[in-house]
Structure formats: structure tokens, C-alpha cells
Amino acid sequence: MTSAARPPLDARTRMTVTVAWVIVMNKPFYPIYVWYLVGNGVMASVATLVSVPFFLAIPLLARRSPLCARTALPLVGTVDTLFETKLFGQGSGTELFFAACMMLVALSFRPEEKWLQRGLAVFVFAAFAFSRNFVGLPFHAWAELDLKILFNLNAFAVASLMAFIALNSAGIGRDSEIR
């Protein structure tokens, strides 16, 4: 018995898979950056690796259900951002990753999937509002200088991720499925 050839992934799902792989490949370096730039809080930063299996599942999920994969990336990113904000605190700049999650919501769905897209946009915004008002004290106590360094690191990481998402999604328009 031979397996049927699967159709190629659509442009939005390919973008999702590529972004997920970039996140998976970069996550292990974050504790190294924290160690090198800050010098403490390395164990707290190692906890950020807990999300790697969830990001890794997205490319595997894409072949079975492209819509689930495109939904999973901003969902996993939002939960990961909320967790990292609890780890590092609001002053660390981790909340900036909500912007990348919202950008993924904006770019990942077809016109007929607008209600799912709207629901995810509300979810990302609600998670952001929750983090601003209810996340409490961080798990690790950071000095003011450490928070400035973390903020700069996270701001650069978010800007890099958003630029990558924009470059990777260039040309994906509402009519991309027609071509």
C-alpha cells in the first residue's frame, strides 16, 4: 500500500512553518544571551525552553491540518509570552512579543477564516491586558540595570522576528490561493 502524495502547503502555512522553525532554532540561545549580557537569572531563562516542544509541534501539525498549525503559532506564542512575562517581569520587554503574535494573527488567515482571526486577535489582546494588570511579581528578581539590558535584548529580538515575518510573508495576498 502506498501513501497518497500530499498537496504542497499553501503560502500562509509555509510562512507559519518557517516562523515556527526560526523560533525553535533560536530559543536555545536565549539563556546564553541572558548569561552573557546579564550574568544572572540564567536558570530563570532556561525555563523559557519549556515551550520548544509546542513550537516544534507546529511544523508537524501543518501537514495534517494547515489551519490548526496557523492557529497554533499565535496561540503558542501568546501563552509563551505570558509565561515569559511572569518569569522576567513587565520591565524586561517580553510583552513586546505580543506584537509579533498579533502580526501573525493578521497575516495567517484567509478571508473566509475571519471569525477565527478575530477571535485570536481578541485572545492576544486579552492576554496582553491580563499581563499588564494581573501577572504580578516576576519569578526572578532583577536589578534595574538587568531589566534595561533584558528590555534591549527583547526589543531587538521582537523587531528581528517581526522583520522576518514581514519578509517571509511578502507577496501573500488575499488572492494567493487563486494562483
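This text follows the structure it describes.
I will try to describe carefully the structure that is included in this document. (Residues numbered from 1 in each chain as written. Predicted model: local features only at pLDDT ≥ 70, side-chain atom pairs only at ≥ 80, totals over all residues. Heavy atoms only, no water.)

## Points about the packing of helix α1 (residues 11–26) against helix α8 (residues 144–169)
Right, on to step 1. Axis separation between α1 and α8 bottoms out at 10 Å; the angle between their running directions is 150 degrees. Comparing the axis directions of α1 and α8 gives the class roughly antiparallel. The crossing of α1 and α8 is right-handed. In contact with Met15, Thr18, Val19, Val22 and Ile23 of α1, α8 contributes Leu161, Phe164, Ile165, Asn168 and Ser169.
Right, on to step 2. Among the residues making up the contact of α1 with α8, the classes are represented as seven nonpolar, three polar and no charged. (Axes fitted to C-alpha atoms, helices over the stretch in contact; angles between N-to-C directions. Helix = DSSP H or I, 4+ residues; strand = E, 2+ residues; numbered from the N terminus. Parallel < 35°, antiparallel > 145°, perpendicular 65-115°, else oblique. Left-handed = near helix turned anticlockwise from the far one by under 90°. Contact = heavy atoms within 4.5 Å. Nonpolar A, V, L, I, M, F, W, Y, C, P; charged D, E, K, R; others polar.)

## Thoughts on the pattern of salt bridges
Right, on to step 1. Under the defined criterion, the tally for this structure stands at six salt bridges.
Right, on to step 2. Among the salt bridges present, the one from Asp10 reaches Arg110, with a minimum N-O distance of 3.2 Å. Of the two residues, Asp10 sits in the segment before α1 while Arg110 sits in the loop between α6 (97–107) and α7 (114–134), which places them 100 residues apart along the sequence. Each member of the pair, Asp10 together with Arg110, is buried.
Right, on to step 3. In this structure, the salt-bridge partner of Asp80 is Lys27, at a minimum N-O distance of 2.7 Å. In this pair, Asp80 is assigned in helix α5 (residues 66–88) and Lys27 in the loop between α1 and α2 (30–37), connecting sequence segments 53 residues apart. The same class applies to Asp80 as to Lys27, namely buried.
Right, on to step 4. Among the charged side chains, a network of salt bridges with common partners joins Asp10, Arg70, Arg110 and Glu113. (Salt bridge = Lys/Arg side-chain N within 4 Å of Asp/Glu carboxyl O. Buried < 20%, exposed > 50% of the residue type's maximum accessible area, 1.4 Å probe, protein only.)

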